[in-house]
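# Fold and contact review
Listed below, chain by chain, are the residues.
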Amino acid sequence: MANKTTYWRGEEELKKTPEFLESAKNEFHESLPLDEVFSENNFELSSSRRDFLKFFGFSVTAVALAACNTTPVKKAIPYLVKPEEVTPGVANYYNSTCGACSSACGIQVKVREGRPIKIDGNPLSYSGRGLCASGQASILSLYDTERLDGPMKGNTKTEWDEADNTIKAKLASAKKIALITETIHSPSSLSVINDFVTTYPTQHIVFDPISYSGIIEANKVGFGKAVVPSYNFAIAKVIVSFGADFLGTWISPVEFSKDYIKNRIPVDGQKMSRHYQFESTLSMTGTNADIRVPMKQSNEAIYLASLFNLVAKKLGATQIPIANQIELAGNTLNNAANDLLTNKGASLVISNSNNPEVQQIVNGLNMMLENYGKTIDLTKHSNQYKGIDTEMEAFVSELEKGNYDAVIFWNSNPVYSYHNSEKLSKALSKAGMVVSLSGTKDETSELAHYICPDNHYLESWGDAEPKKGQLQLVQPTISPVFNTRQAQISLLVWANKAQKPEVDPFAGKQIMGVKYDTSIYYTYMKSVWSTKYGVQTEEQFNKALHDGVFSIEIPSDSMVSYQITASSLANGVPSKASGNDSIDLVLYQNVGIKEGNNANNPWLQELPDPVSKVTWDNYIAIPKALAEKNKINNGDLVKVKSSSFTLDSIPVLIQPGQANNTVSIALGYGRKGKVAEKGKFEKIGKNVYPFVSLASGHRQWMNNGVSIEKIEGSYELAMTQTHHTIEGRDILREATEKDFLANNAAGNDMARPHMYTVWEKHEYKRDGHPGHYWAMAIDLNACTGCGACVVSCSIENNVPVVGREEVRRRREMHWIRIDRYFAFENTDKVAYLPNTDSNFEDGFITKEKGLAAIDKKESSSGGDFSHYENVKTIHQPVMCQHCDQAPCETVCPVLATTHSTEGLNQMTYNRCIGTKYCANNCPYKVRRFNWFRYNDNDKFDFFFNNDLGKMVINPDVTVRTRGVMEKCSMCVQRIQEGKLKAKRERRQLNDGEIQMACQRTCPTNAIVFGDLNDKESEVSKLYRNKRSYHLLEELNVQTSVKYLTKIRNI
Amino acid sequence: MTKLKAKSKKTMKRMLLAVAFLAVFNFSALAEGPNAAEGKELFEQQGCPACHAIDRIVVGPALKDVTKRRSEEWLLKWIKNNVKLRQSGDADANQLYADWGGAAMNVYENLSDDQIKSILLYIDEASVPPPATEGDKKDGDVSVDQEGSFYSKTTLYILVSIGLVLLILAYVLYRLKNSMQKLVKDTEGVSVDEKPSALRKKLSKINPTIATLGVISVIGLSLGAYGFYFGVTEVGVQRGYAPTQPIAFSHALHAGELNVDCRYCHSTVDHSKSASIPSLNTCMNCHAGVQAREKYNGEISPEIQKIYTALDYNPDEMPDKRYGPNPTNIKWVRIHNLPDLSYFNHAQHANVAGLECQQCHGPVQEMEVLQQHATLQMGWCIDCHRKTEVDVENNDYYEKLHAVAKKDIEKNGDKSKYLKDGKINITIANIGGLECSKCHY
């Protein structure tokens, strides 16, 4: 018996369009453009014997000539004075804090010969051992050629002293100064700002591109505490989220993912948590929800009020007086209310809304459910977002009046991310002096009179307090690459408070002359720590520095009573539910690019969006029904118009799961400035911040009542969703929790297929090999699809970035991909194949039968596409399965891919001649071919094309050249390193000692690697788990990767 | 050439001086009691040069004319046990101690008074600047041809080619003589009754075209075979590669003569993939003091000076002075160039397998100029991996493997595949040491 659900990755796969079938048939997207190449060179492909001889002669001569090169003389330059802690060839690890976003996760930086090459999570930190994709990728911004080398006066280079003197003179005469930053929760930085503010008449304004000021304002009104609270998903048994993408982008996604997953792994006798998601855009979090309800964004308050009233009714509390009560099919809201009530104090209601009135309803609900002090903590609150939108509004209108003599931007780029950037840039011209501390030329620093570039966070000293009482330290892992100066030192210098310590704490430790002595801020920070946290001795401080974390006791003060009455909550609820008459535009963050600060990071651009699998662009996601109604197809261009802004053209993606009458566009794209000037990242998507609307001064991530209009032309999005298709074969297993509790093998208890082997006499036998047997287990329940593993793998294994054009050609090089499958949830409107024998062939439903049935029923559904609104989703990471009887190995004519006694499928680049037979024969489509030389090639002008970018290359892994095949090596360099360490220490290898790059970064621990010959290893246990299965077991290729059935709590 | 001459002149000068000195010392060695020759020996034996030189400051003060500065009695006390002397409240001793920043001198209770007097005698002698003698030029003096090996090779080539030319010439002359003889005979009208030989008869039967083709193909094939062999064994193989290095560092002197452990300089070999070229501060551990002035007329050795220049270090100032602000790099020429596609880890071989450095690097301790000893070809690696046994008994990492082997031996006795010559025999190849991704990833 096979899984009866029909999964599909894109509509083309579901509908089996001729184009899809054609492309699925071919292993490679297009045949080689030989005709073109030959005609360019005046050759004809139908070459005669003479032509052949010409080519032959030419090639032989060329090879002979190439071989005549003398061997180049290579130089080796040792240290003059070797720092004690550096051993060439051995990595050092330093604990620090991630600076990619305001979440400030703890990180461990891997440093080889003085250059950081990899970042992973710090297990001691509040955010756990994992790290997200943007954190992983942030190491590349250190080696960004677009960083500024020294201070700038307008567009010309200047000296630090010159810049300092002019700025100081201007500041001294200024009557009113504004300092604009994103949220700062570093105690020492705040102290620096305080020093600055006391010296000059300064107003510090916090502007977060994505702000949570709705939550802050609601808490201020309701509890008298203007903070974003801490949420504890680890003890939440019921989670009801209204549009909050808490696993992907909302507040602190790595921490939330880590906690969330604790209740999501089905263990016998222990209930899983239940997750409801009400949303318009299909978010990554939505794809992981048990029950997902498509909701029109502008009706959010009505949904929330209805839920409030259902709960209140059952509790006998006052209800919100509203006219409309939402009734949902299947009684979903009522079920949610019941679930919440049965888990009082262990539930969580959250919302992505930035409207304080909506957040007040959320607070009211959580208050009724007694979640404060349990799943929600206002005392040990989050510091990650503190921006209040109304302050920024006030600043802009003051600025317009010309009331500021100087404006300083630090870590802030509002000219890009403020919704009315035109107004802001005009107003900025009225400021006496504009100074930017940005490390690159961005939209804001372009307008600045002076740019005093800040260090990268990996070059800086610093601290952070992401949560009240949870302190973390930032330490430099490399000397500043450019002539930059830490922003804190700049501010101290300007405030005349920069004091060089009498005794240089780094005396004798710095080999390279660092122009701006970091010791200024180091000693400053230490004095802050000593006065504020009592960290006085060198020993205490170094301990904190070593761990990267330091926590202080926060006395929990008594909860201030909730001030809001139910009747007043009605203010935020619209009197009438919005229906088919208008379209909501929802603005969301893509999991990789987020708010747009890291938009010029090629790793993040090439990371497929977890839901749509689109790379290198943003797009407008529209629901199927709307597309059908307006006759819009995938790849069409549309014009989007709101009352305040018109977006001329943006490509369309018909997104299953998109709620009817809503459309969504990702923020963070369409960056301008130096990035665009160079043309490298030009035209990456469109900036949609101008669509942001205001509700009582707070920015809303939506715009009610937009119109879309199809325009001429089309655009091909570089989308990987149907690449490497496995053609509808049964590779996914799922079951409900109810079934799982009854039978732990639910969804996975089909009869095992009879195994045939084509290599009877050459059967690979592991018996008699006493060594290791490496294997991996991947829990489909734990995988949220976030893509951190994809980026981590690329960094570890020097996987090249190929760019948009090549992704369109299905030539992305990622060794690990996350396949995202949809299936219709609502089977009333869609056909599903009845579970009868006639529909099975060899125990499996054929794709043709399954899909034909859906197609038939759909065409008869009379234009009702509401089933597209809700799809259930599975994320499945797929990498080389390291088959013990690997089909690729038997077809390689030159033995470039072979099997090791440790169970690895080895790929030897220097043997490979590029026949691509192996890729053709791989049932999992995991082999990647180097169509080009991706390094030192101007056509691929990413980090592999410049000396600075190449600093990030992992020296233990070969950089592949053109014409060879590559694939997941199971981080063999890590295996070898781990084994060697054990051998050197003359001891056994411990389980969990060797971690794969993908495994190491996974916030949810979805990937486990280990030795199957060790029966007690984690992976051995998972192999014995009844949920585990091999992909395409019937092929008898004996994979070394097992997957664990997905269990949904519905 | 002029340089070379000048150099040899210097060498000669020094040799003469040495001979003169030796004569003096040998003579005085015969005398009883303290003598300078014994003093010199002791001076070096006791490790004095680590801190002292005659005419310059090393760690401690320069010793020139020390006997004129201090009384012999005081010196004897000081050298024997300076701590005691200081504790006894000797003002001079305490002053000296303070002057030198509280850096205490070692105690030499083991030296007898006579021995110390010998050392002092040596210092006295050495304090007198050597007379500026102009070394006489003498033919037949020994001069070391440092590039002798190069010349001998070239000479061989020249000789061989001359020989070849001569052979060809001889052959041509022989043919010429024959045809001349024939011509003479023809003109003289003497008919020669030529009787074709048996060989010629046989040869005449062969089709000349086929014969020519045959010969050409044989030559072609042999050339091809040679080319193939050459390609396999020579192209890209840098065995014997001994480039000139920026500093003429002699492994023969350091590792051979002075017997410095390889690991003293290549200290990371046991825990890193690279054995690493030592950083200059490692050199300075010795060369802050060791300047080989005795070989260069009191000047610092030009090679050692290169270290100081690179570090921007001035040895005439206090030695604990930090290096100057304008350092430059020493760009060594890499000798062992493994291609990027292969991963090699020194720790695995030197530490885990416990190999001697010489096994791959050859007799480094005899190399004046370091050269590549092994071919570094894959076959060379594989060969060793096939032959070398893994020490499963003394490394707990292999505990399971060892247990399996022991069990198998118990069960199968002498037939066990883990047994050879009555001993456990597991080679690297047996545990996957020939697999591609052990080195290629």
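Residues numbered from 1 in each chain as written. Chains lettered and ligands numbered in written order. Predicted model: local features only at pLDDT ≥ 70, side-chain atom pairs only at ≥ 80, totals over all residues.

Let us look at the interface of chain A and chain B. Counting residues at the interface gives 41 residues for chain A, matched by 48 residues for chain B. Residue assignment for the side of chain A that touches chain B shows that the elements contributing at least two residues are strand 1 (75-76) and helix 29 (972-984) of chain A. No other element matches helix 29 of chain A, which puts six residues into the side of chain A that touches chain B. In terms of residue class, the side of chain A that touches chain B is made up of 18 nonpolar, 14 polar and nine charged. (Contact = placed C-beta atoms within 7 Å. Helix = DSSP H or I, 4+ residues; strand = E, 2+ residues; numbered from the N terminus. Nonpolar A, V, L, I, M, F, W, Y, C, P; charged D, E, K, R; others polar.)

Another point: the sheet that holds strand 30 (residues 707-714) of chain A. All names here are of chain A. Strand order in this open sheet of seven strands is 29-21-26-23-25-24-30, and the pairing throughout is mixed. In the strand order of this sheet, the two ends are held by strand 29 (702-704) and strand 30, each with one partner. The mean inter-strand angle of the sheet, taken between neighbouring strand axes irrespective of direction, is 30°. Pairing between strand 23 (residues 620-622) and strand 26 (residues 662-667): two bridges, direction antiparallel. Bridge pairing in strand 26 places Ile620 opposite Ile665. (Pairing = 2+ DSSP bridges. Axes fitted to C-alpha atoms, helices over the stretch in contact; angles between N-to-C directions.)

Residue and element names in this part refer to chain A. Side chains of strand 44 (residues 1041-1044) alternate between two faces, with Val1041 and Tyr1043 and Lys1042 and Leu1044 buried alike. Looking at chain direction, strand 33 (residues 774-779) and strand 44 are connected through four bridges and run parallel. Opposite Met776, over in strand 44, you have Val1041 as the bridge partner. (Buried ≥ 20, exposed ≤ 12 C-beta atoms within 10 Å, placed from the backbone.)

What follows concerns the domain arrangement of chain A. All names here are of chain A. When its domains are assigned, chain A resolves into domain 1 (11-26 + 723-1048), domain 2 (34-67), domain 3 (152-211 + 388-547), domain 4 (225-382) and domain 5 (579-719). Between the C-alpha centres of domain 3 and domain 5 the distance comes to 33 Å. Counting residues at the interface gives 15 residues for domain 3 and 14 residues for domain 5. Elements with a minimum of two residues in the side of domain 3 that touches domain 5: helix 14 (389-400) and helix 15 (414-417). When residues in the side of domain 3 that touches domain 5 are grouped by element, the largest group, three residues, is from helix 14. When grouped by side-chain class, the residues that make up the side of domain 3 that touches domain 5 number four nonpolar, five polar and six charged. (Domains from an automatic or database assignment.)

Looking now at the domain arrangement of chain B. Parsing chain B into structural domains produces domain 1 (28-127), domain 2 (251-374) and domain 3 (387-438). Centre-to-centre separation of domain 2 of chain B and domain 3 of chain B, based on C-alpha positions: 38 Å.

A few words on unusual backbone geometry. Residues and elements named next belong to chain A. For Asp936, which is not a glycine, the phi torsion comes out positive at approximately 50°. Summarising the element assignment, Asp936 is placed in the loop between strand 40 (928-929) and strand 41 (965-966). If you check the backbone angles, Leu1032 has positive phi at about 50° while not being a glycine. The residue Leu1032 is located in the loop between strand 43 (1028-1029) and strand 44 in this model. Here Leu1032 falls in the partly exposed class, since 18 other C-beta atoms lie within 10 Å of it.

This part takes up the sheet that holds strand 15 (residues 406-410) of chain A. Residues and elements named next belong to chain A. Across the sheet, which stays open at both edges, the seven strands sit in the order 6-5-17-16-15-7-8 with mixed pairing between neighbours. The two strands at the open ends of the sheet, each matched to only one other strand, are strand 6 (156-157) and strand 8 (202-206). Of the pairings in the sheet, the one linking strand 15 to strand 16 (residues 433-436) comprises four bridges and is parallel in character. Along strand 16, the bridge assignment pairs Ala406 with Met433. Running over the sheet, helix 7 (residues 187-199) touches strand 7 (177-181) and strand 8 and is turned about 145° from strand 8.

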